[in-house]
Amino acid sequence: MKNTNIMILASCLFLSISCTSVLDKEDYSSITPSDVWSSADMIDAVLNDIYGSLMPGWDYDASVSDEAPDPQGEMNVFLKGTATIDDWDCWLYNDIEEINLFLEKMQGTDFTDEIPEWEGQALFWRSWCYFKMVKGYGGVPLIIEPQDVTDTESLFVTRSSTSECFEQICADLDSAIAELPDEWDGDDYGRIDKGTAMAFKGRVLLFWASPLFNPSNDITRWQEAYEANKDAVDFLSGLGKGLLSDFSEIWTEEQNKEVIMVNQFYYPDHVYAQNSIRPMSYSSDSYGHCMPMLNTVNTFPMRDGSDFDPLTTAYDTLFKSRDDRFYATIAYNGCDYKIGDLNDGEHLWIGRTSSGGMLEYAVHNPAETFSYNITGFMDKKGLDPSLTKETIYEATVDWVEIRFAEVLMNYGEAANELGKTSEALDILYQIRKRASILSGDDSHYGIKETTTDEIRERYIKERFVEFLFEGKRLDDLRRWKRFDIVNDQVKQYGIVSWLKSGEELPELTDDIYQIWNKFEPSVVEVTPLHTYNWKDEYYFYAIPKEHLDSNPNLEQNNNWGGTFDPLQ
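All values reported here derive from a predicted model rather than from experimental measurement.

**Student:** I tried to follow helix α4 (residues 93–106) on my own but got confused; where do I start?
**Tutor:** Along an α-helix, residues three or four positions apart point the same way, because every turn accommodates 3.6 residues. Taking 1.5 Å of rise per residue, the 14 residues of α4 would be expected to cover 20 Å, and the 20 Å separating its terminal C-alpha atoms lies within 8% of that figure. Turning to α4, its buried residues number three or more, namely Tyr93, Asp95, Ile96, Glu98, Ile99, Asn100, Phe102, Leu103 and Met106. Here the buried face of α4 lies against α1 (33–37), α2 (40–54) and α5 (115–137).

**Student:** I'm lost on the pairing of strand β1 (residues 259–263) in this one. Help?
**Tutor:** Across a regular strand the side chains alternate sides, sitting on one face of the sheet and then on the other. Burial runs high along β1: 5 of the 5 residues are buried. Relative to strand β6 (residues 399–403), β1 is paired through 4 bridges, and the arrangement is antiparallel. Following the sheet pairing, valine 262 is matched in β6 by valine 400.

**Student:** Just to check I follow, could you spell out the state of the cysteines for this structure?
**Tutor:** What is meant by a disulfide is a covalent connection between two cysteines, made through their sulfur atoms. Taken as a whole, this structure holds 0 disulfides when the rule is applied. Free cysteine cysteine 335: the closest other cysteine sulfur is in cysteine 290, separated by 16 Å.

**Student:** How do you make sense of unusual backbone geometry when you look at a structure like this?
**Tutor:** Peptide bonds are mostly trans, and most non-glycine residues show a negative phi. Of note, the bond from tyrosine 267 into proline 268 is cis; its omega dihedral lies within 30 degrees of zero at 5 degrees. Even without glycine at this site, asparagine 217 takes up a positive phi of about 55 degrees. Within the fold, asparagine 217 resides in the loop between α7 (194–209) and α8 (219–238). Looking at asparagine 217, the relative accessible area reads 42%, which means it is partly exposed. Within the chain, serine 321 stands out as a residue other than glycine whose phi angle is a positive 60 degrees. You can see serine 321 is positioned in the loop between α9 (294–299) and α10 (324–329).

**Student:** Looking at this structure, how should I read the layout of surface pockets?
**Tutor:** A probe as big as a water molecule, rolled over the atoms, marks out the empty space that is left. There is about 1100 Å³ of room inside the largest pocket. Along the wall of the largest pocket there are 45 residues; nearest its centre are Asp59, Lys132, Lys135, Gly471 and Asp475. Secondary structure elements with two or more residues in the lining of the largest pocket: α2, α5, α7, β6, α11 (404–417) and α14 (473–480). Here the lining of the largest pocket gets 6 residues from one element, more than from any other, and that element is α14. Approximately 470 Å³ is the volume found for the second largest pocket. Forming the walls of the second largest pocket are 18 residues, and the residues nearest its centre are Trp91, Tyr93, Ile143, Gln147 and Leu155. Elements that contribute at least two residues to the lining of the second largest pocket include exactly α4 and α17 (545–550). If you tally residues by element for the lining of the second largest pocket, the top one is α4, at 5 residues. Here the residues of the lining of the second largest pocket sort into 10 nonpolar, 6 polar and 2 charged.

**Student:** Help me understand empty space enclosed by the protein in this model?
**Tutor:** Applying the stated criterion to the full structure yields 6 cavities of 30 Å³ or more. Here the largest cavity defines a volume of roughly 160 Å³.

**Student:** Quick question: what am I supposed to make of the packing of helix α6 (residues 162–179) against α7 here?
**Tutor:** How two helices sit against one another is set out by the angle between their axes and by the gap between those axes. Closest axis-to-axis distance for the α6/α7 pair is 9 Å, and the angle between their directions is 165 degrees. By the angle between their directions, the pair α6 and α7 is classed as roughly antiparallel. Viewed along their axes, α6 and α7 form a crossing whose handedness is left-handed. Of the residues in α7, those in contact with Thr162, Ser163, Phe166, Ile169, Cys170, Leu173, Asp174, Ile177 and Ala178 of α6 are Lys194, Ala197, Met198, Phe200, Lys201, Val204, Leu205 and Trp208. Its residues placed into classes, the contact of α6 with α7 shows 12 nonpolar, 2 polar and 3 charged.

Rules of the game
Residues numbered from 1 in each chain as written. Predicted model: local features only at pLDDT ≥ 70, side-chain atom pairs only at ≥ 80, totals over all residues. Heavy atoms only, no water. Helix = DSSP H or I, 4+ residues; strand = E, 2+ residues; numbered from the N terminus. Expected span 1.5 Å × (residues − 1). Buried < 20%, exposed > 50% of the residue type's maximum accessible area, 1.4 Å probe, protein only. Contact = heavy atoms within 4.5 Å. Pairing = 2+ DSSP bridges. Disulfide = S-S within 2.5 Å. 1 Å grid on protein atoms, 1.4 Å probe; cavity = no way out; pocket = protein on both sides within 12 Å on 5 of 7 lines; lining within 4 Å. Points joined across faces, edges and corners; volume = space filled by probe spheres on them. Nonpolar A, V, L, I, M, F, W, Y, C, P; charged D, E, K, R; others polar. Axes fitted to C-alpha atoms, helices over the stretch in contact; angles between N-to-C directions. Parallel < 35°, antiparallel > 145°, perpendicular 65-115°, else oblique. Left-handed = near helix turned anticlockwise from the far one by under 90°.

Written out as C-alpha cells, the structure reads:
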C-alpha cells in the first residue's frame, strides 16, 4: 500500500492547518509555534512538507540534453549556445531555512526515540539541497543554522569554496546514515532510510571525483567514490536489494527490490498527467515530450551485445533483435503499446502516408499538417498501462529517483578509474545480462573493451541506455565534461516511416514483423533551424541576476565574467 503521509501538502503546516487525520486539534487558529514542536504529529507534518517540496517526480523535459527534442521545434538555449545568466535558477535557500529551523527545534523536544530518525531525514534533505546547487554553480553560501532576519548584514553570506560545500554535504550524509533506520515499512515505506542516504553519498562523491570537479584526476577522490558506492551496494544487497530480473517491470511492480529512493503516486490524492508523452491520438492538451531522437535509439545494443550500426542494418528493421531495454523504453512504428485505449494484440502506428498524413491510430487524417519536429518514436518507460485518453491526468506510476542499477554502475565507474578492471566489467556484464543480451562464447555479453579508457566510453554508452528519461543524462554529460558527444551530432534527427505508395493502411492488429517492408524510413532533421553549440563555459551555470542583486557579497562564476572559481 502506498504511503499517504509522506506527501502531505503545505496546507497541513504551521498556522494553515486543516489535515485532521494528522493534527489532532479542534481549534487550529489557536496553534502557537511551541504547539508545533511539542506535538509529534505536527513535527511529522513539518517534515512531510520538506518531503513534498524536495522529493523529485516525473519530469518530461528531456530536451535539456540529447535525449529528446523540444516539442515546439525549438532547441534548448544551452544546447544551441545562446544561454544567459538567468537561464538556470536553482536557489534553494527557502528550503534550507525550513530544514535548519527544523533541526534547531529538534534539540528542544522531548521525543527521544524519534529525534534521530527525524534529524536523519532532515540532514539528508539539506545535503540534497546543497548538492543540487553545488553541482550546478560550484560553491554556494553555506548556511547551516537558522538566520536572524533582524540582523540584515548577517544575511549577506559569501560563497564557500566548492570543497567546503562537498565536505558539508558528506558530513550531513554521514550523520544521516548514522541516525536513520536500515529500512522503513508499512505506511512509512518511501521515507529516506540508511540505504538511500548511502546511495546518495555515492552519487555525490562520484560527481566530486569526475572531471568537472576533478580536472587533475586526483585519485583519492575516485577511491572515496569507490568505497562509498561499494559500501552502499554491499549494504543494500544485504537487505535483499538488487537488479530486478525484468527491466520493464521496474516501474510497474511497486516496491520491487531495485527501488532505493521513490516518490510514490496514488489515486486520487497524488496523481500526475501523462498527456505529454502519449501519442496525439490518445492524448489531449499536450504532446511531443520525451520523444527519443534517432541517435538515442541507435545507442541501444543489439541482442548479441554488438552496437547497432545504421551502415549495416537498415532502419526499416531497426526494431529487430535489440536488447530488452529497447522494447521497454522505445515506442516505434508498429510496436506493442500498452495503454487503456488499445486492446491486447493491437499496436501503435506512427508512420505516415505518402501524402504526409499521420498513420497514428485512431486519427487517420491524411490532410493533417505535417511537422518534422516529431522524431518518429515515443517514450514507453513509466507509461501507465491503465490510463485512457479520458484519464491521462490520473497516472500513478511511481518515480524511482535512485535504483540499484545506478548504485551498481556508480561503483563500477569508480572501480574502472582505479584500475579495478574486473570489477568494472563484471558490473557491465550484470547490467547487460538483465537486459537479456546473449552472453556469447566468452560470457562477456558483447563487451569488447579492456582498457580503462575503453571501459569508460562503454560506461558512457551504457548509462545513456540504462537511464534514458530518468533525469541523469544532463548531469552525466556535465560531470564527464563531454559536451563534445552532443556537439558531434551536429543536428537533431528523427525518422519518418513513410507508407509506400499503393499500400493500404495497417490494421491495429497487424504485425510489423510481417509488414515492415510496406514502410520506407527516411532520416529527417527534427529542428532544421538549429545546430548543437554547447559551449564549454556552460559546464558551470551562472548565478542569476536576481540573487546577485539581493546579496552584495555574492560573486559570479569566473566562466560568466565573475571572480569566483568553482574549482576551489
